[in-house]
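Coordinate analysis (summary)
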Amino acid sequence: MFHGTFIHSTSPGSIEIVHDGMLVVGPDGRIVHFLHDIPVGGTQTALDRLSIRASECHISIISSDKSNPGFLIPGFVDAHNHAPQWAQRGLGRGLQILEWLDTVTFPNEAKFANKDYARKVYESCVNGSIKQGITTACYYGSLHGDATKILADVCLEKGQRAFIGKCNMDQNSPVYYTDVSADESLRVTEDFISHVRSRDPTFSQITPIITPRFAISCTRELLKGLGEMAAVNEGLPIQTHFNEAESEIAATLSLFPEFDNEADLYDHFGLLTNRTVLAHCCHMTPYEVERLKALDCGVAHCPIANTTVGGGFMAAPIREFLRQDIKVGLGTDSGGGFSSSILDAMRQAFIVSNAREMMTKGEDKSLSLEECFYMATLGGARVCGIDHEAGNFVVGKHFDALHIRMASVEEDESDLASTGIETGDGMRTVFEKFMMTADDRNIANVYVRGNIIHSS
Ligand code: GUN
Ligand code: FE
């Protein structure tokens with residue numbers, strides 16, 4: 001049982017702040033009760049009324065006193081990340097996207113042929129991601145089957161919910177880092193799916209995700225085979241990079257001249273479904289926005305990578321996606337970007353939306369903090385197709401949550417860099433200070449399905 005202040009999204013534009021909330025998690029990690037307005041002194045009576053014996057409960061009281069202000073929020077969802085790029089974060093500034101892949105990323109990802117190296121880096125990556133409060137991550141692996149199995153094992157061991165894909169790429173990549181054929185790429189993918197099934201038969205924590213890197217690096221035969229694999233394994237999610245940069249779109253359409261746009265290309269191969277996660281979506285024609293809406297695809301907005309990997313200042317039309325109720329979450333894309341923090345991604349989403357407002361002469365209004373928080377939690381859960389299981393505090397969902405701590409401005413000894421809390425600050429102000437200035441030091445506990453998977 002948790003008692004304290006809870007903050008969560010109820011829709012893209014609104015958060016609910018529950019003071020004196022009392023939330024009960026069952027043995028299966030699902031929220032069974034969420035009562036409002038129960039003062040801390042009233043929890044015993046409330047438990048009695050629910051016929052729950054306090055002695056059978058683990059009770060956590062999250063204080064929201066000025067001297068020790070804390071609250072609970074849903075765990076963050078990172079809808080787009082590349083686990084093998086963990087050790088290259090921040091590198092390659094000044095390079096255009098396709099040059100950056102050739103000179104920084106492919107040589108780096110090729111190192112994952114070595115299983116010992118893969119385990120070492122993946123342990124660091126998953127620990128680092130959990131520490132940032134990411135309870136669900138959507139990861140690309142490298143092209144190697146063995147290393148990708150290790151990534152799945154590491155997520156299982158550490159308790160992070162994850163979507164993991166063996167990266168498919170059988171053309172236009174260096175010889176030392178290309179699938180030898182479409183058939184081999186498909187075979188390794190099937191073998192990876194079998195591995196996950198053997199460890200987690202119902203995909204309750206780890207779900208394999210079909211991962212064509214992007215059309216440039218896939219032959220028609222491979223794209224067709226992956227689309228068929230998704231269709232026969234009904235419901236398997238799919239992820240790829242979509243309309244990221246002008247140079248990438250031009251290269252794609254010259255390799256696939258039979259298509260006018262990327263939406264028709266991926267759709268032709270059966271890769272656009274209601275379980276597809278499309279990273280970036282920066283340059284969208286009205287027709288493509290309409291197609292994403294009609295096909296119910298989700299967008300992983302990666303505002304940090306979009307403004308650091310060269311190719312232009314790529315400000316995706318997030319306001320338009322929200323207007324059309326297209327699913328949108330946030331991705332750290334932490335090889336392309338510089339940060340593995342969803343808090344940083346939320347802030348950059350806010351900044352990029354200011355640019356977008358200017359670029360559209362006011363038509364696309366900048367995002368509110370509520371909208372950025374929604375994308376980081378419930379929006380990401382919708383993109384990943386787990387909004388019936390996670391994303392906010394609704395009875396029946398799993399308790400995936402973060403205990404956030406803040407410090408009073410008067411506390412000299414605080415190890416936190418976040419803006420201090422002053423007497424009289426309401427919870428909306430505390431939330432704003434958290435959103436704009438907090439980092440991983442503010443994340444005291446990370447829960448997945450009611451279990452603590454990290455404490456600081
Ligand atoms: N397009 C294809 N591969 C990648 C990648 O690794 N990162 C980004 N940002 N874009 C890509
Ligand atoms: Fe990416």
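Within the fold, His398 resides in the loop between α12 (369-383) and β16 (401-405). Apart from residues lying up to four places away in sequence, His398 is in contact with Asp28, Gly29, Arg30, Ile31, Arg161, Glu389 and Arg449.

Mapped onto the fold, Lys115 is located in helix α3 (residues 115-131). Residues Lys115 and Gly90, spaced 25 residues apart in sequence, show a C-alpha to C-alpha distance of 24 Å. Apart from residues no more than four positions distant in its own chain, Lys115 is found in contact with Asp146 and Ile150.

Sheet architecture is open: 4 strands sit in the order β6-β7-β8-β10, paired in parallel fashion. Edge strands, defined here as strands with exactly one partner in the open sheet, are β6 (76-82) and β10 (206-208). Going from strand to strand, the sheet's axes swing by 15° on average, the running direction of each strand aside. Pairing of strand β7 (residues 134-140) with strand β8 (residues 161-165), which is carried by 5 bridges, proceeds in the parallel orientation. Bridge pairing in β8 places Thr136 opposite Arg161.

The next subject is the packing of helix α11 (residues 342-359) against helix α13 (residues 427-437). The N-to-C vectors of α11 and α13 enclose an angle of 95°; their axes lie 8 Å apart at closest approach. What the angle tells us is that α11 and α13 run roughly perpendicular. Contacts between α11 and α13 involve Leu343, Met346, Arg347 and Phe350 on the former and, on the latter, Phe434, Met435, Met436 and Thr437. For the contact of α11 with α13, a count of residues per class yields 6 nonpolar, 1 polar and 1 charged.

All right, on to the coordination of the iron ion (ligand 2) then. His80 (NE2), His82 (NE2), His241 (NE2) and Asp333 (OD) make up the full set of protein donors to the iron ion (ligand 2), lying at 2.1 to 2.7 Å. Bound by 4 donor atoms, the iron ion (ligand 2) shows angles of 88 to 174° at the metal and therefore irregular coordination geometry. Taken in chain order, the donor set of the iron ion (ligand 2) reads H-x1-H-x158-H-x91-D. With a gap of 161 residues between them, His80 in strand β6 and His241 in strand β12 (residues 238-242) connect regions that are remote in the sequence. Residue classification places His80 among the buried residues on the basis of a relative accessible area of 1%.

What counts and what doesn't
- Residues numbered from 1 in each chain as written.
- Chains lettered and ligands numbered in written order.
- Predicted model: local features only at pLDDT ≥ 70, side-chain atom pairs only at ≥ 80, totals over all residues.
- Heavy atoms only, no water.
- Helix = DSSP H or I, 4+ residues; strand = E, 2+ residues; numbered from the N terminus.
- Contact = heavy atoms within 4.5 Å.
- Pairing = 2+ DSSP bridges.
- Axes fitted to C-alpha atoms, helices over the stretch in contact; angles between N-to-C directions.
- Parallel < 35°, antiparallel > 145°, perpendicular 65-115°, else oblique.
- Nonpolar A, V, L, I, M, F, W, Y, C, P; charged D, E, K, R; others polar.
- Donors = N, O, S within 2.8 Å, 3.2 Å for Na, K, Ca; no water.
- Tetrahedral: all angles 85-135°; square planar, octahedral: opposite > 155°, others 65-115°.
- Buried < 20%, exposed > 50% of the residue type's maximum accessible area, 1.4 Å probe, protein only.

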